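Observations on the model geometry
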Amino acid sequence: MKPKRILMAKTGLDGHWRGPTIVARALRDAGFEVIMIGMATTAEIVAAAIDEDVDLVGLNIGGHIDVALRAVDAVQAAAPDMPIFAGGTIPPHACKQLEAKGLEVFPPGSMLTDIVDSANRLTGLSTAP
Amino acid sequence: MRPKDPQDTVQACSDIPLKSYYTAEDIPDSHAERINVAPGEAPYHRGFHPSGYRSKPWRIFQLSGFGKPEDENERIKFLLKNGETGFIMEHDRNTADHCYNVDHPEVLARREDVGLTGAVMQSVRDTAICLDGLPMDTSFGHAGGAVVQHAPFALAAYWAVAKKRGYDLTTLPGTGQSDFNLTYLGCITKQQIPTDAGLRFNGDIIEFCTKHLPRWVPVSIAGYNGADTGLTPDQELGSLFANAVEYLDEIKLRGRIPIEVAARGCGGVSFRASIKIFEEACKMRAARLMWSDLLKKRYDIKDERVANLRIHCVTAGSKMAYQQPMNNLVRGALMAVSAVLGGVQSLGVSGYDEALSIPSEHAHQMSVRIQQILMEETGLTDVTDPLGGSYYVETLTAQLVEKSWAFFEEIQIRGGYLACLDSGWLHAKAEENQHKEFMQTESGEANIVGVTMAHDDSSPFEIDGFIGTDDAFDVALERLKEVKRTRHEKGAMTALKDLERVCRSSDNIMPVMMDCLEAEATLGEVGDVYREVFGDWRTPIQC
């Protein structure tokens with residue numbers, strides 16, 4: 001079976017790469033193909049999600065939640081069935097806003113196994129709750 | 001972390017095996033002769049001054065800033081009122097680190113992010129607002145400019161404001177940063193001048209300060225930014241000194257100023273104070289010893305005053321947990337203890353809300369209070385180098401020195417510190433350590449209270465993140481238009497043309513950068529010159 005593909009992007013212009021790199025490695029170790037595009041605008045994220053024909057979009061969020069919400073809206077408009085998950089320094093009020101849009105959210109302190117489980121579920125590799 | 005069996009090996013973060021207790025036999029012979037050295041005597045691992053904190057308390061120095069320049073000004077005044085003894089200007093990452101104005105497409109695409117991580121300062125007018133009423137002449141100010149390509153602009157803006165207020169630059173106290181670890185390792189920007197151009201900028205800043213601002217710390221290497229990206233304490237030390245020799249070799253090659261003066265200028269550094277108390281205290285002791293050794297052996301510097309490595313510490317942001325954030329007050333205090341036991345001169349404690357947002361006013365106040373309690377109530381300041389002579393601490397200090405020099409040599413073999421940034425070798429080291437540390441937590445080998453144990457699901461969050469102001473972008477855009485409309489346009493254009501000419505030559509860029517700021521050239525215009533002349537650094541990792 002072809003490995004499932006995950007796009008990972010940072011919505012902000014803040015280049016702290018520790019978090020997304022750890023997550024990308026865990027996802028690759030779990031058999032996913034990860035396409036990292038780093039700091040990207042909403043337009044770049046949407047274009048990459050389509051061009052790269054990914055099964056899941058992962059957003060690393062370190063800035064204002066409105067910037068991230070705009071990226072989520074744009075991806076969902078362009079690809080209504082595309083699952084999205086998010087991680088980063090996301091305060092509780094912002095987690096709720098993302099969850100309301102159907103995202104699974106992983107703030108600091110999340111376990112990699114939970115993130116991998118989520119990727120499996122969101123790409124249809126597992127049906128476990 | 002407790003081993004399953006007491007006889008099992010426990011490793012320090014620097015991958016040094018720790019015994020369950022130490023005796024005099026453990027102290028390496030090479031270090032034994034240093035045991036009876038007093039603080040104030042070479043090689044200074046015990047501190048530079050015999051009376052330590054009795055004669056001079058450490059500087060309470062907190063990173064601060066968000067929103068509009070006036071928001072940052074208000075927060076700095078709040079901190080000074082609460083007992084901070086220096087002040088740090090923090091600039092907005094989107095604009096400052098990239099040298100973009102707010103009307104750049106990359107910024108427009110993220111307008112709500114503007115002002116979230118520091119104030120927006122696109123011209124000297126903005127810097128003047130941020131510094132309004134601040135004691136620039138008497139207080140040790142950090143002008144910002146942490147990222148290499150931003151430093152000349154940020155420094156010139158600060159100095160231009162000081163000049164305009166009538167302060168004598170030759171007596172102005174303060175520090176720049178222009179840190180390679182932040183710029184090229186820890187917090188990589190989307191656009192940045194290449195490392196060789198960065199080295200040239202830092203050389204220019206060092207030479208300019210030597211001539212015109214002798215009390216100013218021109219550049220400040222931040223081991224912190226390597227460590228919080230994943231480098232272990234020995235790697236933090238080794239890479240910091242590998243970075244320092246790039247600067248000093250450059251200055252020596254130029255031959256325009258005495259190497260002693262440049263070394264004095266480079267001797268104000270910062271480290272991360274993390275949670276392993278003894279290893280971190282040993283790291284500060286090791287750092288002083290290594291600096292004094294390096295200057296003697298590599299540069300034949302005999303002036304003992306130059307050997308005085310001044311250390312600023314910031315507690316590890318990455319050790320602050322998102323869950324049960326009040327626990328971070330304890331972590332902040334203990335990390336600060338490690339720095340104080342290591343005899344540092346300056347300290348910033350991360351906010352208890354570090355994992356959620358930039359600090360709220362209350363989090364900032366608590367960071368100051370932690371330091372005041374340590375300073376006033378605990379007796380930590382009574383005796384200089386209180387850990388000196390401990391079998392364990394002296395052994396670990398000696399082992400760290402040895403291991404750090406080995407890492408320094410590894411970097412030299414690979415062409416030096418800049419080459420290791422360009423190739424991504426340091427990034428790979430950091431990533432490997434991050435992964436290892438994370439897997440230890442993931443496997444249950446290491447615990448984080450409130451995260452992997454001692455959960456409290458009934459009250460998962462006691463606070464929400466701090467939200468700054470929501471008008472930073474709009475006001476910045478308005479002020480950008482205003483400055484372009486009302487400045488002497490011809491003067492600004494001439495200064496920018498001069499800047500381009502100087503960038504293409506080997507002349508020092510700082511005099512013309514002062515001209516640019518005084519002519520009210522803006523950040524984005526200066527950045528456009530850089531992009532045209534120097535191009536973009538090719539990042540070794542995708543981030």
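Definitions and limits used
Residues numbered from 1 in each chain as written. Chains lettered and ligands numbered in written order. Predicted model: local features only at pLDDT ≥ 70, side-chain atom pairs only at ≥ 80, totals over all residues. Heavy atoms only, no water. Salt bridge = Lys/Arg side-chain N within 4 Å of Asp/Glu carboxyl O. Helix = DSSP H or I, 4+ residues; strand = E, 2+ residues; numbered from the N terminus. Buried < 20%, exposed > 50% of the residue type's maximum accessible area, 1.4 Å probe, protein only. Phe/Tyr/Trp six-rings, centres within 6.5 Å; stacked < 30°, edge-to-face > 60°. Axes fitted to C-alpha atoms, helices over the stretch in contact; angles between N-to-C directions. Parallel < 35°, antiparallel > 145°, perpendicular 65-115°, else oblique. Left-handed = near helix turned anticlockwise from the far one by under 90°. Contact = heavy atoms within 4.5 Å. Nonpolar A, V, L, I, M, F, W, Y, C, P; charged D, E, K, R; others polar. Pairing = 2+ DSSP bridges. Disulfide = S-S within 2.5 Å.

1. Some words on the pattern of salt bridges
All names here are of chain B. Inspection of the entire model under this criterion finds 43 salt bridges over all chains. Salt-bridge contacts for Glu 518 lead to Lys 163; the nearest nitrogen and oxygen are separated by 3.1 Å. Residue Glu 518 is found in helix 21 (residues 510–518), and its partner Lys 163 is found in helix 7 (residues 151–164); the two are separated by 355 residues along the sequence. Taking the relative accessible area as the measure of exposure, Lys 163 reaches 41% and is therefore partly exposed. Each of the salt bridges in this network shares a partner with another, and the network as a whole consists of Arg 200, Asp 204, Glu 207, Glu 250, Arg 254 and Arg 256.

2. A look at the packing of aromatic side chains
To describe a pair of aromatic rings, you give the distance between the ring centres and the angle between the ring planes. Residues and elements named next belong to chain B. The full count for this structure, using the stated rule, is 21 aromatic pairs over all chains. Residues Phe 241 and Trp 291 carry aromatic rings whose centres are separated by 6.1 Å and whose planes lie at 25° to one another, so their mutual orientation is stacked. Taken together, the residues span a long stretch of sequence, with Phe 241 in helix 11 (residues 233–254) and Trp 291 in helix 13 (residues 277–299) at a distance of 50 residues. Accessibility expressed as a relative area gives 0% for Phe 241, which makes it buried. A relative accessible area of 1% means that Trp 291 is categorised as buried. Consider the rings of Phe 407 and Trp 425, whose centres lie 5.5 Å apart with planes at 25°: the pair is stacked. On the criterion of sequence distance, the pair formed by Phe 407 in helix 16 (residues 391–413) and Trp 425 in helix 18 (residues 425–442) is long-range, its members being 18 residues apart. Per residue, the accessibility class of Phe 407 equals that of Trp 425, and both read buried.

3. A closer look at the packing of helix 13 of chain B against helix 16 of chain B
Residues and elements named next belong to chain B. The interhelical angle for the contact between helix 13 and helix 16, taken along N-to-C directions, is 55°, at an axis separation of 8 Å. In terms of axis orientation, helix 13 runs oblique to helix 16. By crossing handedness, the relation of helix 13 to helix 16 is classed as right-handed. Facing Phe 278, Glu 279, Cys 282, Lys 283, Arg 285, Ala 286, Leu 289, Met 290, Asp 293, Leu 294 and Arg 298 of helix 13, the residues of helix 16 in contact are Tyr 392, Val 393, Glu 394, Leu 396, Thr 397, Leu 400, Val 401, Ser 404, Trp 405 and Phe 408. Partitioned by chemical class, the residues of the contact of helix 13 with helix 16 number 13 nonpolar, two polar and six charged.

4. A word on the sheet that holds strand 8 (residues 268–273) of chain B
Residues and elements named next belong to chain B. Spatially, four strands are ordered 3-10-9-8 in an open sheet, and the strand pairing comes out parallel. The open sheet terminates on both sides in strands that have one partner only, identified here as strand 3 (59–60) and strand 8. Looking at chain direction, strand 8 and strand 9 (residues 310–315) are connected through six bridges and run parallel. By the bridge assignment for strand 9, Val 269 is matched with Ile 311. Contacts between helix 14 (residues 327–341) and the sheet are confined to strand 8, strand 9 and strand 10 (346–348), with strand 9 contributing the most and set at about 165° to the helix.

5. Some thoughts on the state of the cysteines
For the structure shown, the criterion picks out zero disulfides over all chains. Here Cys 266 of chain B stays free of any disulfide, with the sulfur of Cys 209 of chain B as its closest cysteine sulfur at 11 Å.

6. Quick word on the sheet that holds strand 4 (residues 86–88) of chain B
As summarised here, the arrangement of the four strands in space is 4-5-6-7 (chain B), forming an open sheet in which the pairing is parallel. This sheet does not close on itself; its edge strands, each paired only once, are strand 4 and strand 7 (216–217) of chain B.

7. Remarks on the packing of helix 9 (residues 195–212) of chain B against helix 21 of chain B
The relative placement of two packed helices is expressed as an angle between their axes plus a distance between the axes. Residues and elements named next belong to chain B. Their axes nearest at 9 Å, the elements helix 9 and helix 21 cross at an angle of 85°. Comparing the axis directions of helix 9 and helix 21 gives the class roughly perpendicular. Of the residues in helix 21, those in contact with Asp 204, Ile 205 and Phe 208 of helix 9 are Met 510, Pro 511 and Met 514. The residue makeup of the contact of helix 9 with helix 21, split by class, is five nonpolar, no polar and one charged.

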